[in-house]
Amino acid sequence: MHFFFISIEFTTLIFIMSLVPEIEAHSFVADALSDPPESGVTFKDSVGSVVSSNLEPDQDFLQRQYELARLDQATKVNWEKIKKLTVCGVAFLNDAYDMFAINIVAMILGFVYYHDAAGSAQNTVPKKWDTLIKIAVQIGCLLGQLVMGRLGDKLGRTTVYAASLMIAIITTVASAFSNSMVKGFNVFIVLFIWRVILGFGIGGDYPLTATIVSEYAGAQNRGKLMASVFAWQGFGNVLAPIISIATTACFSSQIDADVLYLDYVWRIIIGVGCIPGVATLYWRLSMSESGRFQNMHANETASIAHSLDSEDEKLLATDTSSTRASQLIAQSMQSSQSPEPNYQRQPKTFMQYFSEWRHLKVLLGTSIAWFALDVAFYGINLNSSVVIEAIGFAGDLYNDKPSKYIIRNCLGNIIINILGSIPGYWITVFTIERLGRKSIQLMGFGTLTVLYVVLGFAYNQILAKSSGAFIFLFSLAQLFQNFGPNVTTFVIPGEVFPTRFRSTAHGISAAFGKLGAIVAQGGFLQLTDVDGKNSWIDHLLQVFALFMFIGFAATFWIPESKGKALEEICDESEEFI
């Protein structure tokens, strides 16, 4: 436990070290608007061409480019940035804990509710209930990513971000108090309902965290900051078994005397998941919007106001007998000759923008890649106890003391995460700005394809000769999931879409990922025991290899975003009609 909290402190230190070349965001829009581009001033547009600010037809576009350039050029570090990144990092620690703790909780529920079952059913949750409670958060996440992502573009990132946390806190506590209610409405159904709503809140964190960090960071360190925020997910994966071990150890003598004491244990494990959220709730509620979002909103408001003024002029012009109308029109014509921004450029709607193939293929690339990844990622991580049992680390479900069996499985989870997952996250953090997002994703998918082919087709032979060799190859796969597409599928959608659609498009991409998790858990993994316990694991690994290849192919539709300003990546000029 002490080691874990030292790791958290180290992660926060990495954040602070990463901030030196970054930006101070609290007054950029006001500064930019107070010093607009003058005639003869030149700077680069979104595709790198040098343009002059005296081009009257695109004055509003040039004004916006100037303002965004100011956002990216400032270099001061401030407490506000450190606070935001810490809040976002804790959000992913919290989300990972809530999602993956259910793997341990499902194992404990088997002892609580099926300790007196006969034969192989003893101490094991039936497959239908096991699937139901594990798939619940994924269903909620899918819905939350779509809805919260869209609301983030409409209502503001931080407003919806705070709401998602409050939903997660309330439903985490409610989940911990789940119990059988009426006949036919058992604890598993109640837990499923609460965890679907919990997933809805967690789902909002994905698009909103990515959007907040990407819009708040500068081009040179944006990928590193987004990856380091997402890397807290690894600590959440480890925190769940650590809390489970500590809680089980506290009740070990009572559990071994009466297994029903485990009913306290699983509720505590779930309930602890609300603590990080409660600790950061105030900070979330007090977060300010990014300069880019405020800038976009201000420009849209001005454009709407200008359109309404134009409509008023047309209405007045129809009354030819009105002297007052003629005076207003004359005043309007005089004001139109002033060097104010031209608001005739109308932004495209979401459907107009993505109806063009060059934009749609990017959304398809991010969505398909995330879908393919999560088939394997959640298929493995939500069922890590199956892998631990297959390599002989779990112990004897029927003869071991319950506390010993649970602690041993939790230790197996920690070992797998420390060997592969956590190093993979941080290797990505320190290499993403040098290697690039697309390169890391291609490398990760390619390596995973090969590893899953080897593990799938030589599964029985490897286990028969050396469980150590299997652990090594499996840990290597975990490493390249995170030093690869698990991080980049989160980072890329936060960069490659325009500000007005960024949260929505990221939410769509993430929702496809959760659809992959649902397909894996509700479909493929139902085949695990089709010909006997764990008899189909080798075939599932072969299926995962196929999906890794699909993700590899889909990555070619995605542009490289390394070192580029957000407006350069997606070419902001394409946002307008």
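Residues numbered from 1 in each chain as written. Predicted model: local features only at pLDDT ≥ 70, side-chain atom pairs only at ≥ 80, totals over all residues. Heavy atoms only, no water.

Here's the deal with the overall build of the protein
When helices and strands are counted, the protein shows 25 helices and 2 strands. Of all 577 residues assigned to the protein, the portion counted as buried reaches 57%. Long-range pairs, those at least 24 residues apart, make up 84% of the contacts in the protein between residues at least 6 apart in sequence. Counting every atom, the protein has about 23,100 Å² of accessible surface; 65% of that belongs to carbon and sulfur. (Helix = DSSP H or I, 4+ residues; strand = E, 2+ residues; numbered from the N terminus. Buried < 20%, exposed > 50% of the residue type's maximum accessible area, 1.4 Å probe, protein only. Contact = heavy atoms within 4.5 Å. Areas by Shrake-Rupley, 256 points an atom, 1.4 Å probe, with all protein chains shown as cover.)

A short note on helix H4 (residues 79-114)
Taking 1.5 Å as the rise per residue, H4 with 36 residues should run 52 Å; its terminal C-alpha atoms sit 51 Å apart, in good agreement. Along H4, the sharpest kink reaches roughly 30 degrees, centred on Ile102. By the criterion of burial, H4 is predominantly enclosed, with 33 of the 36 residues buried. (Expected span 1.5 Å × (residues − 1). Bend = angle between axes of the 7 residues up to and from the residue.)

Regarding the environment of Asp258
Relative to the assigned elements, Asp258 resides in the loop between helix H10 (252-257) and helix H11 (262-271). The partly exposed category is assigned to Asp258, whose relative accessible area is 34%. Residues Asp258 and Val112, spaced 146 residues apart in sequence, show a C-alpha to C-alpha distance of 9.8 Å.

Let's talk about the confidence of the model for the protein
The predicted model of the protein has a mean per-residue pLDDT of 80, with 75% of residues at 70 or higher. Long-range and interchain partners of residues 13-57, a stretch whose pLDDT sits below 50, account for 105 contacts in this model, where long-range means more than four residues apart. (pLDDT = per-residue confidence, 0-100.)

Remarks on the packing of H4 against helix H18 (residues 402-435)
Running from N to C, H4 and H18 cross one another at 165 degrees; their axes reach a closest spacing of 11 Å. Our classification of the angle between H4 and H18 gives roughly antiparallel. Read as a crossing pair, H4 and H18 show a hand that is right-handed. Taking contact as the criterion, the partners of Asn103, Ile104, Met107, Ile108 and Phe111 in H4 are, on H18, Pro402, Tyr405, Ile406, Asn409, Cys410 and Asn413. In terms of residue class, the contact of H4 with H18 is made up of 8 nonpolar, 3 polar and no charged. (Axes fitted to C-alpha atoms, helices over the stretch in contact; angles between N-to-C directions. Parallel < 35°, antiparallel > 145°, perpendicular 65-115°, else oblique. Left-handed = near helix turned anticlockwise from the far one by under 90°. Nonpolar A, V, L, I, M, F, W, Y, C, P; charged D, E, K, R; others polar.)

A look at unusual backbone geometry
One non-glycine residue, Asn123, adopts positive backbone phi at about 60 degrees. With respect to the helices, strands and loops of the structure, Asn123 is situated in the loop between H4 and helix H5 (127-155). Judged by relative accessible area, which is 9%, Asn123 ranks as buried.

Focus on the packing of aromatic side chains
Scanning all chains against the criterion turns up 31 aromatic pairs. Ring geometry for Phe92 against Phe490: centres 5.1 Å apart, planes inclined by 80 degrees, an arrangement best described as edge-to-face. Of the two residues, Phe92 sits in helix H4 while Phe490 sits in helix H22 (residues 485-491), which places them 398 residues apart along the sequence. For Phe490, a relative accessible area of 1% gives the class buried. Taking the centre distance of 6.5 Å and the plane angle of 20 degrees together, the rings of Phe549 and Phe552 count as stacked. (Phe/Tyr/Trp six-rings, centres within 6.5 Å; stacked < 30°, edge-to-face > 60°.)

Here's the deal with the nonpolar core
Counting 117 residues, the largest nonpolar core has Ile108, Tyr206, Leu262, Trp266 and Tyr452 as the members making the most contacts within it. Per-element accounting of this core gives the leading share, 22 residues, to H4. Leu262 has contacts with Ile108, Phe111, Val112, Ile255, Pro402 and Ile406, leaving out every residue within four places of it along the chain. (Core = buried A, V, L, I, M, F, W, Y, C linked by side-chain atoms within 4.5 Å.)

Quick look at the pattern of salt bridges
Applying the stated criterion to the full structure yields 12 salt bridges. Between Asp263 and Arg267 there is a salt bridge, and its shortest N-O distance comes to 3.4 Å. Residue Asp263 and its partner Arg267 are located together in helix H11, separated by 4 residues, close to a single helical turn. A relative accessible area of 22% means that Asp263 is categorised as partly exposed. (Salt bridge = Lys/Arg side-chain N within 4 Å of Asp/Glu carboxyl O.)

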